Amino acid sequence: MSSTPVPTVPISGGAAMPMIGFGTWQLSGEDAYRAVSTALEAGYRHIDTAVGYVNHRQVGRALADSGIPRHEVFVTTKLLPNSAGRERQALERAVDQLGVAYVDLWLLRHPPRQDPLPAVWQAMAELADEGTARAVGVSNHTTALIDTLIWETGRTPAVNQVAFSPARFDPQLLVEHAERRVAVQGYSPLRHTDLSHPALTAPAARLGATPAQVVLAWHLARRVTTLPSSTRPDHIRDNLTAAQLTLSAAELHTIDTLDQHTAALSATPGP
Ligand SMILES: NC(=O)c1ccc[n+]([C@@H]2O[C@H](COP(=O)([O-])OP(=O)(O)OC[C@H]3O[C@@H](n4cnc5c(N)ncnc54)[C@H](OP(=O)(O)O)[C@@H]3O)[C@@H](O)[C@H]2O)c1
């Protein structure tokens, strides 16, 4: 099957990152293999995993069995902060389990107690220079933490992966990342979204789409890479084709303020 065209964003390190990636948190064993295989077959060319998801081997087997050339799939994994001092071993173990020569993106996950980890970040950046990770980034970092990493090491993360959805729309976060040339990846686009909200169902009806597709199309319009996850083949396929939807400026604005609408609705006195 040919790939559904999905826009990409250039990230430092030279890669083009597809703006819809398949999330694999909570997918384990054969479920992970099946879901990632379905995603690749549907046309996803960006897979997000992490050592903590315990599915590297299944993701790697799905990649290998797909027959898709390695360079066509953007693969992300993450380093847990408790691997401080063992960064090289952690990366070598991850690529070995995934069965790949390199990952496209290696993220430093949530710093414990929100302390910056410049030594870990420096070690990751140096390993990236050796080529086993094409780019390095962070996850769940505030821009203040990112600034500390940049200040201490001179290396800017290519990406920050953070929770993002209409109910958590934060234009200031987007501005601050754009100023630093850090691409934003948003996780949990659907988990915390009320898919029955009229701000989503109205454009869905107009476009003959689903509210979930509208949510994902909104992410792309706001230049946020999104990482939906699903165990259902129909959802997996639908989520990718969200890239083909165009929302109007008014629809985008209404979705931007969805949390305020929700608050206003819940504040409206009942009959
Ligand atoms: N860096 C971090 O700290 C961090 C944290 C959390 C997540 N992540 C990454 O981000 C990814 C996405 O987050 P998430 O797992 O919370 O995913 P999500 O996509 O926001 O939520 C998944 C849920 O949405 C449902 N869903 C998916 N497609 C749907 C559709 N078209 N219509 C209706 N429901 C749909 C799924 O149910 P069905 O299975 O029934 O479709 C599932 O219950 C993760 O898998 C992981 O890769 C990173």
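The preceding data block contains the structure.
Residues numbered from 1 in each chain as written. Predicted model: local features only at pLDDT ≥ 70, side-chain atom pairs only at ≥ 80, totals over all residues. Heavy atoms only, no water.

A. Layout of the overall build of the chain. What the chain contains, in helices and strands, is 11 helices and 10 strands. Relative to the compact-globule value of 18 Å for 271 residues, the chain shows a C-alpha radius of gyration of 19 Å, a close match. Principal-axis analysis of the C-alpha atoms gives the chain an extent of 60 × 45 × 30 Å. Here the chain holds 271 residues, and the buried ones make up 51% of them. In the chain, of all internal contacts separated by at least 6 residues, the share reaching a separation of at least 24 is 73%. Total accessible area computed for the chain in this model is approximately 12,300 Å², and 53% of it derives from carbon and sulfur atoms. (Helix = DSSP H or I, 4+ residues; strand = E, 2+ residues; numbered from the N terminus. Rg over C-alpha atoms; globule rule 2.2 N^0.38 Å. Buried < 20%, exposed > 50% of the residue type's maximum accessible area, 1.4 Å probe, protein only. Contact = heavy atoms within 4.5 Å. Areas by Shrake-Rupley, 256 points an atom, 1.4 Å probe, with all protein chains shown as cover.)

B. Expanded view of the site of the ligand. In the vicinity of the ligand lie 24 residues, with Asp48, Ser188, Arg191, Ser230 and His235 positioned nearest. Thr24 is positioned with one of its backbone polar atoms (N or O) 3.1 Å from an oxygen atom of the ligand. Ser139 is positioned such that a nitrogen or oxygen atom in its side chain is 2.9 Å from a nitrogen atom of the ligand. The protein chains hide 83% of the 900 Å² of surface that the ligand would expose on its own. (Near = heavy atom within 4 Å. Polar contact = N/O pair within 3.5 Å; in protein donor to acceptor, adjacent residues only side chain to side chain.)

C. Molecular detail of the pairing of strand β9 (residues 183-187). In terms of burial, β9 is a largely internal element, 4 of the 5 residues being buried. In this sheet, β9 lies alongside strand β8 (residues 159-163) in parallel orientation, the contact comprising 5 bridges. Considered in β9, the bridge of Val162 is made with Gly186. Where the polypeptide runs from β8 across helix α6 (residues 171-180) and back to β9, its parallel neighbour, the crossover connection is right-handed. Of the pairings in the sheet, the one linking β9 to strand β10 (residues 225-226) comprises 2 bridges and is parallel in character. (Pairing = 2+ DSSP bridges. Right-handed = clockwise from strand over helix to strand, strands pointing away.)

D. Here's a closer look at the packing of aromatic side chains. Enumeration over the complete set of coordinates arrives at 4 aromatic pairs. Pairing Phe164 with Phe169 gives two aromatic rings, centres 6.3 Å apart and planes at 90°, and the pair type is edge-to-face. An identical accessibility class is assigned to Phe164 and Phe169; each is buried. An angle of 70° between the planes, with centres 5.4 Å apart, marks the rings of Phe169 and Trp218 as edge-to-face. Of this pair, Phe169 sits in the loop between β8 and α6 while Trp218 sits in helix α8 (residues 211-221), and the two are 49 residues apart along the sequence. A residue is classified by how much of its surface remains accessible, and Phe169, at 19% relative accessible area, is buried. Classification of Trp218 by relative accessible area gives buried; the value is 0%. Aromatic rings pair up to connect Phe164, Phe169 and Trp218 into one cluster. (Phe/Tyr/Trp six-rings, centres within 6.5 Å; stacked < 30°, edge-to-face > 60°.)

E. Molecular detail of the pairing of strand β7 (residues 136-139). Neither face of β7 is left uncovered, since the one carrying Val136 and Val138 and the one carrying Gly137 and Ser139 both have all their residues buried. For strand β6 (residues 105-108) and β7, the ladder comprises 3 bridges, and the chain directions are parallel. Among the inter-strand pairings, Trp106 is bridged to a residue of β7, identified as Val136. The β-α-β motif built from β6, the intervening helix α4 (residues 118-130) and the parallel element β7 has right-handed crossover chirality. Across 2 bridges, the pairing between β7 and β8 is parallel. For Val138, the partnering residue across the bridge sits in β8 and is Asn160. Crossover connection from β7 via helix α5 (residues 143-153) to parallel β8: handedness right-handed.

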